[in-house]
Amino acid sequence: MNFTDILGFALRGIGANKLRSVLTMLGILIGVAAVILLVAVGNGSARSVASRIESLGTNTLTVLSTSRAGTGLTMRVADALDDRTVAPAVRSVSPVISTSATLTYEGAEHEISSFVGTTPSWFAASNSPVAAGAAFTADDEAQARRVVVIGQTVAEELFPGVDPVGRQLTAGGALFTVVGVLQGKSPAGFQDADDTAIAPIGAVRQVLAGYGPLSSILVEADDPSTVATAQSQITTILDRRLDADAYRVQSASQLLEARTETAGTFTTLLGAVAAISLLVGGIGITNIMLVTVTERTREIGIRKALGAPRRAILSQFLIEATLLSVIGGGLGVAAAVIGSRFSIVGVQPVIVPGSVVLALGVSVLIGLFFGGLPAARAARLRPIDALRYE
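Residues numbered from 1 in each chain as written. Predicted model: local features only at pLDDT ≥ 70, side-chain atom pairs only at ≥ 80, totals over all residues. Heavy atoms only, no water.

Trainee: With reference to specific residues and values, describe the pattern of salt bridges.
Mentor: Scanning all chains against the criterion turns up 4 salt bridges. When the shortest N-O distance is used, the salt bridge between R91 and E220 registers 3.2 Å. With R91 in strand β2 (residues 90-105) and E220 in strand β9 (residues 216-221), this residue pair connects regions lying 129 residues apart in the sequence. Taking relative accessible area as the criterion, R91 reaches 44% and is therefore assigned partly exposed. D139 serves as the salt-bridge partner of R145, at 2.7 Å between the closest nitrogen and oxygen. Look at the salt bridges and you will find they share partners, linking D139, D140 and R145 into a network. (Salt bridge = Lys/Arg side-chain N within 4 Å of Asp/Glu carboxyl O. Helix = DSSP H or I, 4+ residues; strand = E, 2+ residues; numbered from the N terminus. Buried < 20%, exposed > 50% of the residue type's maximum accessible area, 1.4 Å probe, protein only.)

In structure tokens, the structure reads:
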């Protein structure tokens, strides 16, 4: 009996009970699709976060407070950093205070978690160009004028179909005039980077945040090659004014490295969780094939009585199990590719080719491994016992 004959028997065996075969393949389909899609979600999240961090520029440093009271960072500290005499590698210093706010315009209401108060240098340092209108000026900052630059999401929510520049919105009970709209940014994981508003720090303190400590200080080095020098210079200044454990200086590259490592762990965890469904699918194959062997005991006895070797019986049932896995795995890949076209929990999945190969390979191994026990059981049947089976 050649391979073609064995394959024919296997295909007829699968077709003999279509519903059972479909249910078995469905288990593998779900497992393969889950592995590919969850890994794709982790990869997509990692890429969007990396893109967002890289968009900040490779020559930026962020000073963060680590004291529990959050009293370390003040405007005086920011002014001390903005001194070309002691920090010649620093191009600009942008104090930042961030708070949440509810914005309203002609009855429309929109809540944002990032109403930022800062200086004009922030726009260049954070790589946040203005697409319409203009950024506020140094004079606006000095006079604490209530002007604001809004993100694309805020513009769409509050000013649908109209130009927001020149119009007034309300924040914290005060009127702010919209002077510009930021250029849209790519999604960054679960947070909408366009759902923000930026205003002069004095105005934000007066109306929304109060005169407490700064949220952070954004420092821009002259160029990427001087980031290490700038970090050393601002650390020296900070050490004179703050305790060493009261602040942390973080570069964009350090943040990217940390987020990449976290994203890698997250992706691995998602893949491991999804792999459990493949294992469940394999157990399903074992159960289905055991039932199949039991139902076809007399057929096996007749074939062995007519001279079918043990190897042919073993191969037939192994091929049946493997075909169920391969077909289910192929359909799972197709389902994952279709699913990756849609956003999942705010993340655009990015399929990793390696996960497709791995998932298909595992599905084949599952067919061979979990189909091995039923196949071996069928091959060991004695013709006389099989023919007597009721």
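Still to come is the rest of the account.
Trainee: Just give me the short version of a nonpolar patch on the surface, but keep the residues and values in it.
Mentor: A cluster of nonpolar side chains, L19, L23, L26 and I30, forms an exposed patch at the surface whose accessible area comes to about 400 Å². Turning to its location among the elements, L23 is positioned in helix α2 (residues 18-55). Using a relative accessible area of 52% as the deciding quantity, one classes L23 as exposed. (Patch = residues over 30% accessible without salt bridge, like charges linked within 9 Å, V, L, I, M, F, W, Y side chains within 5 Å. Areas by Shrake-Rupley, 256 points an atom, 1.4 Å probe, with all protein chains shown as cover.)

Trainee: Please set out the side chain of S216 residue by residue, giving values where relevant.
Mentor: Relative to the helices and strands, S216 is located in strand β9. Beyond its immediate stretch of four places on either side in the chain, S216 contacts T62, V63, L64, L73, S94, P95 and V96. (Contact = heavy atoms within 4.5 Å.)

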